[in-house]
Each structure stands twice: as C-alpha cells, then as structure tokens.
Amino acid sequence: MPDCDCDYMLPTKEGWEEHYDNCISKWNSNVPCPKYADGSIRLLNKNLAGMQQDFIYHLGLDTAKYDLKSMFGDVKFVCMGGTKYRMKEFAKHMAKILNIDYEANNLSKHSHRYAMYKVGPVISVSHGIGISSMTILLQEILKVLYYAKVKNPIIFRIGTSGGLKIPAGSIVISSWGLNGTLEKTYDLPVLGKIRKIPSVFDKRLVQELQSMVTEEDGFITYSGGTMAADDFYRGQARLDGPFCDYTSEEKQSYLQHLCALGVRNIEMEATAFAAMAREAAVRAADVCVTLLDRLNGDQVTTDKELLLKYQERPMVIVGRYIAKYYEKINKT
Ligand code: R2B
Ligand code: URA
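Analysis parameters
Each chain has its residues counted from 1, following the order in which its sequence is written. Written order decides the labels, with chains lettered from A and ligands numbered from 1. Confidence filtering applies because this is a predicted model: local features only for residues at pLDDT of at least 70, side-chain atom pairs given and counted only at 80 or more, and all residues used for totals across whole chains, interfaces and linings. The basis for every side-chain value is the complete set of non-hydrogen atoms in the structure, without hydrogens or water. Strands are runs of DSSP state E lasting at least two residues, helices are runs of H or I lasting at least four, and both sets are numbered from the N terminus onward. With a 1.4 Å probe rolled over the protein chains alone, any residue whose accessible area is under 20% of its type maximum counts as buried; one over 50% counts as exposed, and the rest are partly exposed. Note on contacts: a residue pair is in contact if any heavy atoms of the two residues lie within 4.5 Å. Strand pairing follows a simple DSSP-based rule, namely that at least 2 bridges must link the two strands. One side-chain nitrogen of Lys or Arg within 4 Å of one carboxyl oxygen of Asp or Glu is enough to make a salt bridge. Here, proximity means that at least one heavy atom of the residue falls within 4 Å of the molecule or strand. Any N or O atom pair separated by 3.5 Å or less is treated as a polar contact, with the protein-specific requirement of one donor-capable and one acceptor-capable atom, and with residues adjacent in sequence counted only for side-chain atom pairs. Working definition of accessibility: Shrake-Rupley area with a 1.4 Å probe, residue cover restricted to the visible protein chains. Residues are grouped as follows: nonpolar covers Ala, Val, Leu, Ile, Met, Phe, Trp, Tyr, Cys and Pro; charged covers Asp, Glu, Lys and Arg; every other residue, Gly included, is treated as polar.

Moving on to the environment of A277. Note on placement: A277 falls in helix α6 (residues 270–279). For A277, a relative accessible area of 2% gives the class buried. Sequence separation between A277 and T135 is 142 residues, and the spatial gap between their C-alpha atoms is 10.0 Å. In this structure A277 touches V282 and A284, once residues within four positions along its chain are discounted.

So, on to the pairing of strand β7 (residues 171–178). Most of β7 is tucked away: seven of the eight residues are buried. One ladder, built from seven bridges, connects β7 with strand β10 (residues 221–228); its direction is parallel. Pairing of W176 across the sheet is with G225, part of β10. The pairing of β7 with strand β12 (residues 283–293) spans three bridges and is classified as antiparallel. The partner of I171 across the bridge, within β12, is V289.

This part takes up the pattern of salt bridges. One pass over the structure, following the stated rule, counts 20 salt bridges. The shortest N-O distance in the salt bridge between D54 and K143 comes to 2.9 Å. Separated by 89 residues along the polypeptide, D54 in the segment before β1 (55–56) and K143 in helix α3 (residues 131–147) bring together distant segments of the chain. Take D54 and K143: they sit in the same class, and that class is buried. The closest approach of N and O atoms between R157 and E269, which form a salt bridge, is 3.2 Å. Highlighted residues: R157 in strand β6 (residues 154–163) and E269 in the loop between β11 (263–267) and α6, separated in sequence by 112 residues.

What follows concerns the site of ligand 2. The full set of residues close to ligand 2 is T160, S161, G162, F232, Q236, R238, I266, E267, M268, L292 and R294. Take R238: an N or O atom from its side chain is 2.7 Å from an oxygen atom of ligand 2. Relative to its unbound accessible surface of 240 Å², ligand 2 loses 92% to contact with the protein. Taken together, the elements giving at least two residues each to the shell around ligand 2 come down to β6 and β11. Looking at side-chain class alone, the shell around ligand 2 contains four nonpolar, four polar and three charged residues.

On to the side chain of E208, then. When you line up the elements, E208 lands in helix α4 (residues 203–210). Overall, E208 belongs to the buried group, its relative accessible area being 0%. Ignoring any residue separated from it by four or fewer positions in sequence, one finds E208 in contact with M9, L10, W16, Y20 and Y321.

Turning our eyes to something else, we now look at the site of ligand 1. Close to ligand 1 lie I129, R157, T160, F232, E267, M268 and E269, which account for all nearby residues. Contact distances for ligand 1 include 3.5 Å between an oxygen atom and a side-chain N or O atom of R157. Here an oxygen atom of ligand 1 sits 2.8 Å away from a polar atom, N or O, in the main chain of M268. Its free accessible area being 270 Å², ligand 1 has 81% of it covered by the protein chains. Here the shell around ligand 1 is composed, by residue class, of three nonpolar, one polar and three charged.

Dropping the structure here:
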C-alpha cells in the first residue's frame, strides 16, 4: 500500500480520523487515484489530452485565450454557493479576513451564467439551484483547477436548507448526502443506465470544520446527514406547492423517518457534490444554514435582514477555517 500523502490542514486532535479520504493510502477504488504525486488533479479522461483547445463554456473561459495557470495556479480553496450575491459577499468577507485589498470583479461575467470571484488563494463562485446546475459548475471548476495545476484544492459549498428538528439558524456540516429514494448515492443516468455514485463526505474535514465552532458564535452547529432533493416542493414533502397528493400526516411521518435515519437538513445538491468531489479525489464539505424547522412548516417566512444574517453563518465557519490554515502556514 502506498504511503500516506495527507496534506494536513490542522494538527490531529483526539478522536479525529487519521487520514483524509483522498489519501493515497486509503484509495481503494478500481480506478487509479486521480491525483499526481505533487497533489495536483489528474483528470483521467484521456480525451482531454487530445484537445487543442478546451472551451469551459459556462464559465466563459478557454485554454487558448486564457492562461489558466497564471490566473488560478495559486488557488487552494474554492467556495461555491447558490447565489451570485452571496458569493460576492463571501469574496469580500475573505478579503477582509485575509487582509487582501480587493475590488469585486466577476471573472465569468461574459458567460452570463455563474459569477466567479477570486480573492488571493480563494475562488468564490455561484452554482445556481439544484444538482444539474451545481454539477456543471463543479465539473468546469475541476477542469480549471486541472489546467491551472492546482495542488490539493479543497471545495466548500456554503448553502441554505430546511432543518429537521433543529432550530432555524443552525448550521449543518454534512456527513453524507441522501437521495430522494433514501440511498446514500448520487444517481446519474449515463448512456441509458443509472450510475450510482457513493455520496459520503470526508469525515476528517467535517471534524476539522466542527472544531472551528465556538460557544460565542450564537448558533448551534451540527454534523449529520443531508437530504439532496430534486425539487423544492413535493421533493421535500412540502404541502404548499402547486401540486400535493399526500396528507399532512404522511408528510410528518416521512420527515420523522428522515430524522430517524440521521438526516439533519434538506437541500438540493449534497449527494452530487459529495460524489463528484470524491470521484475527483478532491476534499469537499457542505456547510449549510437552516432557514426553518421543516417539522413546523413549509414556508420560508424569515425576514430579509435575518435571512442575510443566517447566510453569513456558513461563511464565518468556512472563512475561519481558511484563515486558520494561513495562520499555520505563516507561522511555519
Ligand atoms: C437550498 O436552497 C436552494 C433552494 O431554495 C437550493 O439551492 C438549496 O440547496
Ligand atoms: N433550501 C431548500 O432546499 N429547502 C429549504 O427548506 C430551504 C432552503
């Protein structure tokens, strides 16, 4: 078995996993670990090598017109989230805590799709709503990181969600994603057949993020399962969509069942995010705030100001983690 190649972000604490899941000593898939010895991404798709030029369409980038290595070679963290506004705010938040002079500039504005900002070693990028929008962005980001020869990148998602039996405004760091048929997989039809890709997040990274939480934060941070639904309404057992053919009791018993399975929140991307990052041997974590307790209702009635305050909470945890990493680097 090859030697451990974990690039530890934080010193190990008691009870933590010894290795990250993308450690070469733990890689037990039947495909080679898609990582070079220096930690840079090694995409296994042979077709890429034969392409003269690669248009990274939804980001408005391409490998001939842009020098992706000089634009993105220093990246270490990618943080994605649903909205353009939130990701611009995250870029500004990171500039502040990393002490970087920064004027927000959307690097993918020509694509008119996603918004992408870069602050020092951090990319902050929007992914829209749902699995298919998020996976397009994620795959194009993986290609950018590959062409830029980025070493050991870490990808975060900072999002919103509906909580299950936890107070609104709580944070959930996902341990795994559960799909709509209650399996821990991301199911993708490929050439007419369903592929089922395991959707488990890196345990050590969850533990490291959880260690960023302080009692003064003023909110509770949980780790646990996250259901990724393919719909906001019926797919999340809501009673307030245009269609509903189940009873309120059936809804409650379904949500109770999810709680019993260890699900803490419901959003719309976790399974695919965990699965795709794992397939690329890239560490990833999903950090979401809950906007409501779904056992108590369906409508998001939180006022705008509180909603914005809630959305800052995942930024605080992830931002603290990134800042801690640079504190450690600057000391050594
Ligand atoms: C959470 O919130 C969005 C739907 O409102 C979706 O992107 C998600 O996962
Ligand atoms: N996002 C979701 O997907 N579900 C919720 O209930 C709230 C935000």
